[in-house]
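Spelled out from the first residue to the last, the chains are:
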Amino acid sequence: TMPELLNKNYRDQLVTWIGKPCHFRLLYKISRDGCSPTSFHQQCDGQGATVTVLYNTNNTIYGGYLSQSWNSNGGYIEDSDAFLFRLQYNKSSNPLKFPVNDKSKAGYGSSVYGPTFGDGHDIYTFSGTITRSGNEFPLNGSVSKIGKSYNLNGQTVDTVTNNSLNVTDLEIYRIVDREDEEKPWREHFEWTTKTMQELKETLQVYEPRMEANVPAANILLIGQIGAGKSSFFNSVDSIFRGRVTNKACSGSSERSITTMYRRYELKDSSTKKVLNFRLCDTCGFQEGSALDAQEFSFIVCGNLPDCYRFNPLVPFESDTPGYIKNPDLKDKIHCVAFVIDGSTVDVMPDKVLKHMKDLQARMNHRGLPQVVLLTKIDKICPEVADDVTKTYTGTAVCDAVNKAAEIMGLPSAQILPVKNYVSEPNLKIALDILIMKALKRCIDFADDFMDEQLLRIAAEEKKSDTENQIKKFD
């Protein structure tokens, strides 16, 4: 789930040079997979056409394209469609393509080398294992022979590569034909105005079951500071107000912006009615400070009053003013949504993860349903940043969903990718669909929980009636 570095404009440029509609699927990234020939060949051999991209410390981006697979056979790879390229030079976008002129030696496949192009060689990236030094990988190959098997059209080793193999990263993407790639990894609605309106209407008319005697479903948002809890609330609020709003303070600071327990009511501007679900927000946690486990139990059990201000020095107790002594089902939380930043899901601090697991154990004990709202998916995948309708075809998003499912021990169907409204001035149909779809899942789970609680209450009442009857006969 580390962000892919190749941006949309450079992908489009490469697609033009490759000469057919295609997608890029990240196979190998040295900052993620380690920089060694073994790791490179494991991820990339036999994968068909690939693009190798080097990002050097001069902010120059260069590399090569092969239409044939990489291999470890110890020989040259013939390819008449191969080319080298420069996309950026010293921070400035400046794309140039360098076609192959000795097609019999376009690439070189050796089990002890990283990706290598040309005869003797135009680009030879590395051999052996390269360890990161600070923020860079000092690759030990060579680019001094560039221009031997490829036509540089008057450019030199300096103007293509700065004669530098000190890189911040190296990525290899598999080139996938557009038809092959469009199969979604999860079934989804059509991205249309009709879908958006149907989802919105479902939420506008939603009511908890009458027998539950609950005016609104309570969904609790919890997560790390800056993961996007308050932004999710603002996004939902925006959809029903019909314009982008910022009612709950949201931010990305080190300190939690939310210092108070809030049960936010949402109002629909078209009907002027309050909706029958509430989003409950609590302070975000960071490495050093966690949400007090006992306070968390009070929240989910319905003992903590709305607008209670958290005080890390004086935790909420059963004798604190405002404590709700005998909470009903309407006071309880009916579904918990962990809000997790998709772009950092694989580097979540151990302390934060342990804290989430502790809270999870308390929920499991009460049978509370849980989902994960996986935010910032646009940071994981440039294609999604450009077009949210690519959410369910973007493999990077799929990988992040699977990773979140693994660390939280939940089925991947309960991991809901979303992109909050953060810098968008106006509402967008695709964003609305993604957000409302996630919200609807939370509400479905909340309904299941209320049904379960009603069955339990009924069973307990029946049991006590039976016991009373037995006492009578005695």
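Rules behind the numbers
- Residues numbered from 1 in each chain as written.
- Predicted model: local features only at pLDDT ≥ 70, side-chain atom pairs only at ≥ 80, totals over all residues.
- Heavy atoms only, no water.
- Buried < 20%, exposed > 50% of the residue type's maximum accessible area, 1.4 Å probe, protein only.
- Helix = DSSP H or I, 4+ residues; strand = E, 2+ residues; numbered from the N terminus.
- Pairing = 2+ DSSP bridges.

Draft legend 1. Layout of the pairing of strand 1 (residues 22-29). With respect to burial, strand 1 is a largely interior element, seven of its eight residues being buried. Sheet analysis places strand 1 next to strand 11 (residues 166-177), joined by seven bridges and oriented antiparallel. Counted as the bridge partner of Arg25 is Arg174 from strand 11.

Draft legend 2. Examining the environment of Lys183 more closely. Here Lys183 lies in the loop between helix 5 (178-181) and helix 6 (193-204). Sequence separation of Lys183 and Met450 is 267 residues, and the distance between their C-alpha atoms is 36 Å.

Draft legend 3. Here's a closer look at unusual backbone geometry. Following Gly120, the chain continues to His121 via a peptide bond in cis, the omega torsion being -10°. Looking at the secondary structure, you find His121 in the loop between strand 8 (116-117) and strand 9 (123-124). Backbone geometry places Asn162, a non-glycine residue, at a positive phi of 60°. Following the sequence through the fold, Asn162 ends up in the loop between helix 4 (157-161) and strand 11. Relative accessible area serves as the criterion here: at 16%, Asn162 is assigned to the buried category. A positive phi angle, close to 65°, is found at Lys272, a residue other than glycine. One can find Lys272 in the loop between strand 13 (262-268) and strand 14 (273-281). For Lys272, a relative accessible area of 62% corresponds to the exposed category.

Draft legend 4. Quick peek at the sheet that holds strand 8. If you walk across this open sheet you meet the four strands as 4-7-8-9, and the pairing is antiparallel. Looking at which strands have only one partner, the edges of the open sheet turn out to be strand 4 (73-77) and strand 9. Examined bridge by bridge, strand 8 and strand 9 share two bridges and lie antiparallel to one another. In the strand pairing of strand 9, Phe117 is matched with Ile123.

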